[in-house]
Amino acid sequence: MLNNTQIPAQRVPIIDQADGPGPARPWFRFLNNLYNFVGLGDGVVPETSGGTGNVTYATGDMLYASAPDTLTRLPVPGVGNAAYLGTDATNTPQWIVVGYGSFLKTTTSGAAANTPTAVTFDSTEYHQNVDLGTPTSRVYLSNTGLHNIAFSVQIANTDTANADDVLVWVKVNGSDLANSASHVTVPVKHSGRNGTAILAANVFYQFTAGQYFELYIMTVNGTSQVTTIASSGSPAYPQSPAVILTVNQIV
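Residues numbered from 1 in each chain as written. Predicted model: local features only at pLDDT ≥ 70, side-chain atom pairs only at ≥ 80, totals over all residues. Heavy atoms only, no water.

**What to know about the environment of Gly99**
Checked against the element boundaries, Gly99 lands in the loop between strand S4 (93-97) and strand S5 (100-105). Assessed through its relative accessible area of 2%, Gly99 is described here as buried. Considered as a pair, Gly99 and Ala82 are 17 residues apart in the sequence and their alpha carbons are 8.6 Å apart. If near-sequence neighbours (up to four positions away) are discounted, Gly99 is found in contact with Gln128, Asn129, Val130, Asn143, Val247, Asn248 and Gln249. (Helix = DSSP H or I, 4+ residues; strand = E, 2+ residues; numbered from the N terminus. Buried < 20%, exposed > 50% of the residue type's maximum accessible area, 1.4 Å probe, protein only. Contact = heavy atoms within 4.5 Å.)

Now the structure itself:
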């Protein structure tokens, strides 16, 4: 709303004849207030006048109150960056570019009896801020935040006489993650076919940017392998990868 200019409607002439050419003082006040109202001539209407204080936007930008009577533009993330809208510790809105990854192991590998062994990966399906490192057993997280780790491990026992107990668990930066282990007893080889089992779990962990995690496997007898089972055309079914690993940032 315009400031009070004290102009009696249709009673004050625009030109002040006594002072020479130029607007009368009440009109000068009115025009100056109007000039400020519409953004000091640059088109930026201030927040206190009902505007936004901004004139330039990109598709997807948002405005938020960064202080009383102050609106700030929140630029949209770059194209191709999957993100969601969140807040920081001061309740300031921010775009959070999420982390995710999907990785496979499609080769067969074994391990010596009672020897914890890191699981390596050979294929990346999707990823953003989650990457395989060196060695390829290490999965690095670029974002600080809570992540969900989900995996399934295809186990095959080649022994025809004894079942084998197998464990899979998570290590973070080389240390065992509490409450992350899964156990399974893999049956013996029968009718010429390996005994098989699947180990699967979901684990939540609060990562700090730059940390990594690994999957570790241990076979008690040493007769089981992490193995890929090939697809079939008749009857038709898809390949069963040795390991499927997915990582999703939650917050």
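**Looking at the nonpolar core**
Val170, Phe213 and Leu245 are the most contacted members of the largest nonpolar core, which totals 30 residues. Of all elements in the fold, only strand S10 (139-141), strand S11 (145-157), strand S12 (164-172), strand S14 (182-186), strand S15 (195-207), strand S16 (212-219) and strand S20 (243-249) reach the threshold of two or more residues within this core. Ranked by the residues each element gives to this core, the list is headed by S15, at five residues. Excluding residues that lie within four positions of it along the chain, Val170 makes contacts with Ile149, Phe151, Ser175, Asp176, Leu177, Ser180, Val203, Phe213, Glu214 and Leu215. (Core = buried A, V, L, I, M, F, W, Y, C linked by side-chain atoms within 4.5 Å.)

**Comments concerning unusual backbone geometry**
A negative phi holds for most residues other than glycine; trans holds for most peptide bonds. Cis peptide bonds are those with omega within 30 degrees of zero, and the linkage from Thr134 to Pro135 qualifies with 0°. Following the sequence through the fold, Pro135 ends up in the loop between strand S9 (130-132) and S10. At Asn114, a position not held by glycine, the phi torsion is positive, near 55°. Structurally, the position occupied by Asn114 is in the loop between strand S6 (109-110) and strand S7 (117-118). Positive phi, normally seen in glycine, also occurs at Ser191, with a value near 50°. For Ser191, the location among the structural elements is in the loop between S14 and S15.

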